[in-house]
Amino acid sequence: MAVERDIAGKGWVEALSPGDADILCICGDVPDDQTDAVERLWDQLPGPRSRTLVTGPEHPGRALDGCVSELLDVGEQFRLEAERTAPELKQDDDGGMNDGGGDSQMNMDHEGMNHGGKDDGGGDSQMNMDHGGMSHGGMDHGGMDMPMPGGIGLAGEGKDRDGLDLDVLKVPLGPFLPFWPAGLVLHCELQGDIVFAARAEYAFDPSTETHVGGPLGTERGALVRQSDLASRLLQLAGAAREAAKVRGVRDAALDGGALDECRRSLAAIGAQLRRDWLLRRTLQGVGRIPQGRESGELGGTDAWDRLLAMLDARVAGTATAGAHPVGVLSDLVRGLELSVVRLVVASLDLSPLPVPAVEGPAR
């Protein structure tokens, strides 16, 4: 949150994909099993580019300013880009070096080859191959384990809800996505862009997470948390202007602003959102949790209800800051399109950390 606040203060725009980014800012220490994933993200950034590590909320602007200096060093950027794009030299069996771009055994003599199947009269040509009788229909590619870019396997087969055999593609969402809970991985099985099965887990232990704005068990910490969640959901739903307003309230609370003023600002934003019929139609009915003993207070709510609760609960000061169990996702996202799945995830507080109930005011 501190980095996002500093980015907004500089007038910068957060990139939504590696291809749009100039800076890769890593917040916190990278777990050992996530190093390869971070490097893959870094490889996708086009030049000029820079990266930095922010280990705490204190003075993230210094790290970002250092990246700006690196980006403005044109000579160094050209040198780094030349190193990155240079072909990798590999040693062949004869001790020579090649760049891996071709086969060193391809020195073929074409003089003895009869192209086009024509007989020059010099003998019985063996090159008159007739492909008309070859049938590829009996070749089964289903058993071939060929990876796609990004390490995703080829689609297999599975039955849909109507019992038809359709292609099934297994795609993980996370752990690094815009407006996505840090570390969450949702393993999806897709038929087209429809999720028909999913399993959620955390790719790393976020127990060392630093909570900016104070402990979550205080009113300030809870207000910061809820307004941050609301801004993510609004951004994904296409309400960028309203998301910026909510994030402004969050940043004001982070800076130690009066909580009563922050509550009034959230109340005004909530009242305005209730009159936004397009946003309401976008979120109503999305991710509705059925009534039941296990659903608790979430029973009967959808993404629209949960958005209003993120804003109104902190205004009234009566709700607790309890996190939603990650296990609810599997049933909620089944049968939904990927874009809708993103909205469902953003409407839930899926923090794996135990969040205490709100205590007395922390001003």
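Here, the structure is the one placed above.
All figures in this text were calculated on a predicted structure; none of them were measured in a lab. (Residues numbered from 1 in each chain as written. Predicted model: local features only at pLDDT ≥ 70, side-chain atom pairs only at ≥ 80, totals over all residues. Heavy atoms only, no water.)

Caption draft 1: Structural context of unusual backbone geometry. Cis geometry marks the peptide bond from glycine 47 to proline 48, where omega comes out at -5 degrees. Within the secondary structure, proline 48 is located in the loop between helix H2 (35-43) and strand S2 (50-54). Cis peptide bonds are those with omega within 30 degrees of zero, and the linkage from glycine 174 to proline 175 qualifies with 5 degrees. The residue proline 175 is located in the loop between strand S6 (165-173) and strand S7 (184-191) in this model. Here phenylalanine 179, not a glycine, exhibits a phi torsion of approximately 55 degrees, which is positive. Along the chain, the position of phenylalanine 179 falls in the loop between S6 and S7. (Helix = DSSP H or I, 4+ residues; strand = E, 2+ residues; numbered from the N terminus.)

Caption draft 2: Quick look at the pairing of strand S8 (residues 194-202). Summarising the sheet, S7 and S8 pair through eight bridges and their orientation is antiparallel. Residue pairing in the sheet places histidine 187 in a bridge with arginine 199 of S8. As consecutive antiparallel partners, S7 and S8 are separated by two residues, and within that stretch glycine 192 has a phi angle of approximately 70 degrees, a positive value. (Pairing = 2+ DSSP bridges.)

Caption draft 3: Local environment of the packing of helix H6 (residues 240-254) against helix H7 (residues 259-274). Where H6 contacts H7, the axes come no closer than 10 Å and their chain directions differ by 170 degrees. Comparing their axes, H7 and H6 come out roughly antiparallel. Seen from H6, the contacting residues are Glu242, Lys245, Val246, Val249, Ala252 and Ala253; seen from H7, they are Cys262, Ser265, Leu266, Ile269, Gln272 and Leu273. Taken together, the residues that form the contact of H6 with H7 break down as eight nonpolar, two polar and two charged. (Axes fitted to C-alpha atoms, helices over the stretch in contact; angles between N-to-C directions. Parallel < 35°, antiparallel > 145°, perpendicular 65-115°, else oblique. Contact = heavy atoms within 4.5 Å. Nonpolar A, V, L, I, M, F, W, Y, C, P; charged D, E, K, R; others polar.)

Caption draft 4: Spatial organisation of the environment of aspartate 6. Tracing the chain through its elements places aspartate 6 in helix H1 (residues 2-9). Taking the C-alpha atoms as reference points, aspartate 6 and histidine 59, separated by 53 residues in sequence, lie 8.9 Å from one another. If sequence neighbours within four positions are ignored, aspartate 6 has contacts with Pro60, Gly61 and Leu64.

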